[in-house]
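These are the residues of each chain, in order.
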Amino acid sequence: ILERVRKAREEVDIVVVSYHWGEEYETQSNDIQKELARAIIDGGADVVVGHHPHVVQEIEKYKDGWIAYSLGNFVFDQNFSEETMQGLMLRVVVRDGVISRVEGVPIRISETFQPNVEIQ
């Protein structure tokens, strides 16, 4: 992974890595996720986006990078819990080739399993 990140870094302005990891239904990242994500940022990635737990986990600013450990579900038929019916979209604002802001945009999955942006 780190070799591919370094190679991509030579060719693009922003490197985003998507990683399938974490424990299902856990709302906090684990030590393995943190270690891998931080190593990927240290290796040159700007953003690491995780998926697999089916629930939202934290977003972390780490050095010059951003880590979204799990965005939860987006379109999925897991209506057995409140946590699995929620997710995040990740808004990444880039100005002049540099990430200026990252924020999670909450979504709620409808009864027909479609994403709806939550009004805050």
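Attention here is on the structure that accompanies the text.

Before going further, it helps to examine the sheet that holds strand S4 (residues 65–68). A sheet is described by the order of its strands in space; here four strands give the open sequence S1-S2-S4-S3, paired in mixed fashion. In the strand order of this sheet, the two ends are held by strand S1 (16–20) and strand S3 (59–62), each with one partner. This sheet shows a mean twist of 15° between the axes of neighbouring strands, independent of strand direction. Here five bridges tie S1 to strand S2 (residues 47–51), and the two strands are oriented parallel to one another.

Here we come to the side chain of serine 70. Turning to its location among the elements, serine 70 is positioned in the loop between S4 and strand S5 (86–95). The exposure class assigned to serine 70 is buried, which follows from its relative accessible area of 1%. Setting aside anything within four residues of it in sequence, one finds serine 70 in contact with Gly50, Pro53, His54, Val55, Val56 and Gln57.

As a further point, take the sheet that holds strand S7 (residues 115–117). Whether parallel or antiparallel, the strands of a sheet pair through hydrogen bonds between backbone atoms. Taken together, the three strands give an open sheet; going across it, the order is S5-S6-S7, and neighbouring strands pair in antiparallel fashion. Where the open sheet ends on each side, the last strands, each with one partner, are S5 and S7. Geometrically, the sheet is characterised by an average inter-axis angle of 40° between neighbouring strands, direction not taken into account. As paired elements, S5 and strand S6 (residues 98–109) share ten bridges and run antiparallel to each other. Pairing of valine 93 across the sheet is with arginine 101, part of S6.

Under the counting rule described, the total for this entry stands at five salt bridges. The salt bridge partner of arginine 38 is glutamate 60, with a shortest N-O separation of 2.6 Å. In this pair, arginine 38 sits in helix H2 (residues 31–42) while glutamate 60 sits in strand S3, placing the two residues 22 residues apart along the sequence. Judged by its relative accessible area of 28%, arginine 38 is partly exposed. Residue classification places glutamate 60 among the buried residues on the basis of a relative accessible area of 17%. Its salt-bridge partner being arginine 101, residue glutamate 103 comes within 3.1 Å of it at the nearest N-O pair. The network of salt bridges with common partners includes Arg91, Arg101 and Glu103.

If you trace the backbone, glutamate 35 turns up in helix H2. You can call glutamate 35 exposed: its relative accessible area is 61%. In the structure, glutamate 35 is positioned 44 residues away from asparagine 79 in sequence and 31 Å away in space, judged by C-alpha atoms.

Cut-off values and rules
Residues numbered from 1 in each chain as written. Predicted model: local features only at pLDDT ≥ 70, side-chain atom pairs only at ≥ 80, totals over all residues. Heavy atoms only, no water. Pairing = 2+ DSSP bridges. Helix = DSSP H or I, 4+ residues; strand = E, 2+ residues; numbered from the N terminus. Axes fitted to C-alpha atoms, helices over the stretch in contact; angles between N-to-C directions. Buried < 20%, exposed > 50% of the residue type's maximum accessible area, 1.4 Å probe, protein only. Contact = heavy atoms within 4.5 Å. Salt bridge = Lys/Arg side-chain N within 4 Å of Asp/Glu carboxyl O.

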